[in-house]
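# Notes for the structure review
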Amino acid sequence: MKLYNTLTRKLEEFKPITEGKVGMYCCGPTVYSYAHIGNLRTYLNEDFLHRILVRAGYDVHHVMNITDVGHLTSDEDTGEDKMLKAAEQEKMDVLALARKYEDYFFEEEKDLNIIRPRTVCRATEHVQDMIEFVKKLEEKGLAYVSGGNVYFDTVKFGHYGELSWKDISGLQHGARVEEDTNKRNPTDFVLWFTSSKFENQILQWDSPWGRGYPGWHIECSVMSSKYLGEYIDIHCGGVDHIPVHHENEKAQSEGCFGHKWVNYWVHNEFLQLKDIKMSKSLGNILTIPALKEKGYDPLAYRYLAMTAHYRSLLQFTWEALDSAQAALNNLKSRVIEIKKNLSGVVNEDKKAGYLNKFDAAIFNDMAMPQALAVMWEVVKDADINNATKWAILSEMDTVFGLKMDEMKEEVYVPDAEVQALLDARKVARAAKDWAKSDEIRDALKAKGLTVKDLPDGSVEIKQI
RNA sequence: GGCCGGUUGGCAGAAUGGCUUAUGCAGAGGACUGCAAAUCCUUUGAUGUCGGUUCGAUUCCGGCACCGGCCUCCA
């Protein structure tokens, strides 16, 4: 399969380090608040990648970190600690807060049918490993202590800036952020904090440099190498991570290991809300529970995410979500119809033809919109039987993850009151008393029930 | 200030040097229905702008306009 590699800015043929296996590390959430649907677009895209790799026959070891250690809002020794701030606001212990939002996060992922990574690792449970890692960097002369903190020396590292194609000399340092005068170079970043102003930071550990806590980037280098080794096939994250977080992870990892670290860097574009930039720090977040409350199926959001390529900005509008929900509903009724009668022989030629077309799309840098178009072709193909359609669709759904196998007619059982209304309407219709019939239909509609008069004279009733 | 990306029908969003510019939703017409709903059939509709290259450009190149991103934390 082909993947776009941020490092080379090119589409490259994917080749695993070990035949048949893929090690994939994805930056996970910082658990001080709910994950919003923008965050989740990235995790959805990573789920598609995971599923596509599985379809390609790989044994995928998917690792995701949970950032549950307080980290500053910047690489400087300034700013505020987001976790600590949230914990104060919610009057909770920091760790309890982290667990709470971690649980919420996986609930949302479950609603979106995202496969849980094989390894989920928490930063707070790997602090000793981080200390060892920083010690190695220190031994190699790539770290220095200044003002009590330990910093990574990006100039000594030698090839900093490769990922974001950043020219260090051209950076306007301090233009938008307070300068940390402890640093030797503007791009240097903290590996271990001891002298930050957060004396009441609850999550602190002893270290050779004093009591403190780790810098933000170190956890990813440490945990990824712990679970995947020093060579990683794919590293994912949002595009926002390219210039700082991933650049820093890469520098410290390659500095520590002494060789190339990640073969393919895959970055997801943002979801964009019209007129609003949604971010946790601004507090204007839209979450899966919020969508559910408005009556949307979380899988409608999953569907929406599939309609755009992962490297394009996706404009989120309520109209777009409505259209995704409508498409999902239509798909559901089609799938239910298809599954009602699966007798007959599968047309293997047609099946192979469609799946080849599908694979061509997904293996070409995850062209999910095109894969969806192929799916609709199958659904609407009048020349193949249901057995063939279902054989194709069920395979496609291992990638789409729309739970097609669970789609079934929802049987509505009317209560006595509703049944009485239905009986009364039946009588009215038999007498051709249309006014009365319509009146009852409106009354049922007010209760959230739609009535369909089927051609055979029976009545179908559904909850809206 | 520096560096990037984008502009496709009503919305979202693919693709492509020429053939009907996917797909979903919405819209229109018809069948069906007492009327609806659902379904089925049919169907309208788009490449920001000005130039250039070319037999031919939505696609390649350049100017302009507008939108967005990054250089701070962020998926």
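Preceding this section is the structure that the text describes.
We now turn to the structure provided with this report.

Before going further, it helps to spend a moment on the overall build of chain A. Helix and strand counts for chain A stand at 15 helices and 15 strands. Overall, chain A is about 90 × 55 × 35 Å in size when its C-alpha atoms are taken along their principal axes. Across chain A, every contact between residues at least 6 apart in sequence was considered, and the portion connecting residues at least 24 apart equals 76%. When the accessible surface of chain A is summed, it comes to about 21,400 Å², and 49% of that surface belongs to carbon and sulfur atoms. Separation of charge centres in chain A, based on 58 positive and 72 negative side chains, amounts to 4 Å.

With that settled, consider the packing of helix α1 (residues 37-55) against helix α9 (residues 298-306). In contact at an axis separation of 10 Å, α1 and α9 are set at 70° when each is read in the N-to-C sense. Considering the angle they form, α1 stands roughly perpendicular to α9. Counted together, Ile-37, Gly-38, Leu-40, Arg-41, Leu-44, Asp-47, Phe-48 and Arg-51 of α1 and Tyr-301, Arg-302, Ala-305 and Met-306 of α9 form the full contact between these two elements. Here the contact of α1 with α9 is composed, by residue class, of 7 nonpolar, 1 polar and 4 charged.

Moving on: the environment of Ala-327. With respect to the secondary-structure elements, Ala-327 resides in helix α10 (residues 318-340). C-alpha separation for the pair Ala-327 and Tyr-101, spaced 226 residues apart in sequence, amounts to 31 Å. Residues within four places of Ala-327 in sequence aside, it is in contact with Tyr-303 and Trp-376.

Parameters at a glance
Chains are numbered independently. Their residues run from 1 in the order of the written sequence. As they are written, the chains are lettered A onward and the ligands numbered 1 onward, keeping that order. This being a predicted model, a pLDDT of at least 70 is required before a residue's local features are given, and a value of 80 or more before pairs of side-chain atoms are given or counted; all residues contribute to the totals for chains, interfaces and linings. Excluded from the side-chain calculation are hydrogens and water; included are all heavy atoms of the structure. For the purposes of this entry, the term helix denotes a DSSP run of H or I that reaches at least four residues, the term strand denotes a run of E that reaches at least two, and both are numbered from the N terminus. When checking whether two residues touch, look at their non-hydrogen atoms; a contact exists if any pair is within 4.5 Å. Methods summary: accessible areas were calculated by the Shrake-Rupley approach with a probe of 1.4 Å, and residue burial reflects only the protein chains presented. For the purpose of charge, His is not counted, nor are the chain termini; Lys and Arg are scored as positive and Asp and Glu as negative. Lysine's charge is taken at NZ, arginine's at CZ, aspartate's at CG and glutamate's at CD. Axis definition: a line fitted to C-alpha atoms, over the contacting stretch in the case of helices. Angles run 0 to 180 degrees between N-to-C directions. For classification purposes, angles smaller than 35 degrees are called roughly parallel, those larger than 145 roughly antiparallel, those between 65 and 115 roughly perpendicular, and all remaining angles oblique. Three classes are used, and their members are as follows: Ala, Val, Leu, Ile, Met, Phe, Trp, Tyr, Cys and Pro are nonpolar, Asp, Glu, Lys and Arg are charged, and the others, Gly among them, are polar.

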